[in-house]
Amino acid sequence: GESVGLHLPTLSVQEGDNSIINCAYSNSASDYFIWYKQESGKGPQFIIDIRSNMDKRQGQRVTVLLNKTVKHLSLQIAATQPGDSAVYFCAENRDSSYKLIFGSGTRLLVRP
Amino acid sequence: GAGVSQTPSNKVTEKGKYVELRCDPISGHTALYWYRQSLGQGPEFLIYFQGTGAADDSGLPNDRFFAVRPEGSVSTLKIQRTERGDSAVYLCASSLTSGTGMLFFGEGSRLTVL
């Protein structure tokens, strides 16, 4: 079936290092992708988004890369901090609709 | 408050009981969404409101689930004859308009059905 998924369920990084969280999607009709961060006991929080007419978008300490050829999405976090520890979800959206399809998430652990 | 507010934060009920979960979206946000999140999973879409009407309820699992938004602001998710499989965190989100991936989520209502 068509779905959004993640390669690594848990990622452990040293504080100060860069983190890369990966996501694969299978529906070539998806044209809009979003990354969310979810801390324990809280709701998901929007981080950054990218549309399919772009292959890279940068925010504050975060970069999202989109490779439509292999249907792959990644979130790069520069100089990872303890506050970045959370579960990260990618989500897909089609035709600017209202429905987001979330993957199952990757837990990021930041070692001091 | 400035964010999406959900009540109760925790609800424990017995199988077969009726529950209501409330969502107070960010003021001025016309779009409202309900998602359900099981342990270790990403949120799953349940229903979307644009204004007062349910524009898409295709994610509701069955007819025991119903949601309303009578005045275009506060929404209530209603679950009849609860089952143990209904146990999850129910997340509400709002956005300024539809067609955006920038949703503002509440902290969720954790429902436990014994």
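Summarised in this report is the structure supplied together with it. (Residues numbered from 1 in each chain as written. Chains lettered and ligands numbered in written order. Predicted model: local features only at pLDDT ≥ 70, side-chain atom pairs only at ≥ 80, totals over all residues. Heavy atoms only, no water.)

To continue, consider the overall build of chain A. Scanning chain A from N- to C-terminus turns up zero helices and 11 strands. For 112 residues, the compact-globule estimate of 2.2 N^0.38 gives 13 Å, and the C-alpha radius of gyration of chain A, at 13 Å, lies within 12% of that figure. With respect to the three principal axes, the spread of C-alpha positions in chain A is 40 × 25 × 20 Å. The buried share of chain A, taken over its 112 residues, is 43%. Considering only contacts in chain A between residues 6 or more positions apart, those separated by 24 or more positions represent 53%. When the accessible surface of chain A is totalled, it reaches about 5500 Å², and 46% of it is carbon and sulfur. Put simply, chain A has 12 plus and 10 minus side-chain charges, and the middle of one group is 1 Å from the middle of the other. (Helix = DSSP H or I, 4+ residues; strand = E, 2+ residues; numbered from the N terminus. Rg over C-alpha atoms; globule rule 2.2 N^0.38 Å. Buried < 20%, exposed > 50% of the residue type's maximum accessible area, 1.4 Å probe, protein only. Contact = heavy atoms within 4.5 Å. Areas by Shrake-Rupley, 256 points an atom, 1.4 Å probe, with all protein chains shown as cover. Lys, Arg positive; Asp, Glu negative; His and termini not counted. Charge placed at Lys NZ, Arg CZ, Asp CG, Glu CD.)

This part covers the overall build of chain B. A count of helices and strands for chain B gives zero helices and 11 strands. Over its C-alpha atoms, taken along the principal directions, chain B stretches across nearly 35 × 25 × 25 Å. Here chain B holds 114 residues, and 46% of them are scored as buried. Sequence-distant contacts, at least 24 apart, represent 54% of the contacts inside chain B between residues at least 6 apart. A total accessible area of about 5500 Å² is found for chain B, and carbon and sulfur atoms account for 48% of it. Taking the average place of the 11 positive charges on the side chains of chain B and the average place of its 11 negative ones, the gap between the two points comes to 6 Å.

Moving on, we get to the pairing of strand β8 (residues 75-79) of chain B. Residue and element names in this part refer to chain B. In terms of residue burial, β8 counts as a mostly covered element, since four of its five residues are buried. Relative to β8, strand β3 (residues 19-24) runs antiparallel, the two being bridged by five bridges. Of the residues in β8, the one forming a bridge with Leu 21 is Leu 77. Alignment of strand β7 (residues 65-68) against β8, held across four bridges, turns out to be antiparallel. Residue pairing for β8: Phe 65 is matched across the bridge by Ile 79. (Pairing = 2+ DSSP bridges.)

A few words now on unusual backbone geometry. At the junction of B:Thr7 and B:Pro8, the peptide bond is cis and its omega measures out at -5 degrees in the coordinates. Not every positive phi belongs to a glycine, and A:Ala79 is a case in point at roughly 50 degrees. In this structure, A:Ala79 sits in the loop between β8 (72-77) and β9 (86-93). Residue A:Ala79 is classed as partly exposed on the basis of its relative accessible area of 36%. Of note in the backbone geometry, B:Arg81 takes a positive phi value of approximately 45 degrees without being a glycine.

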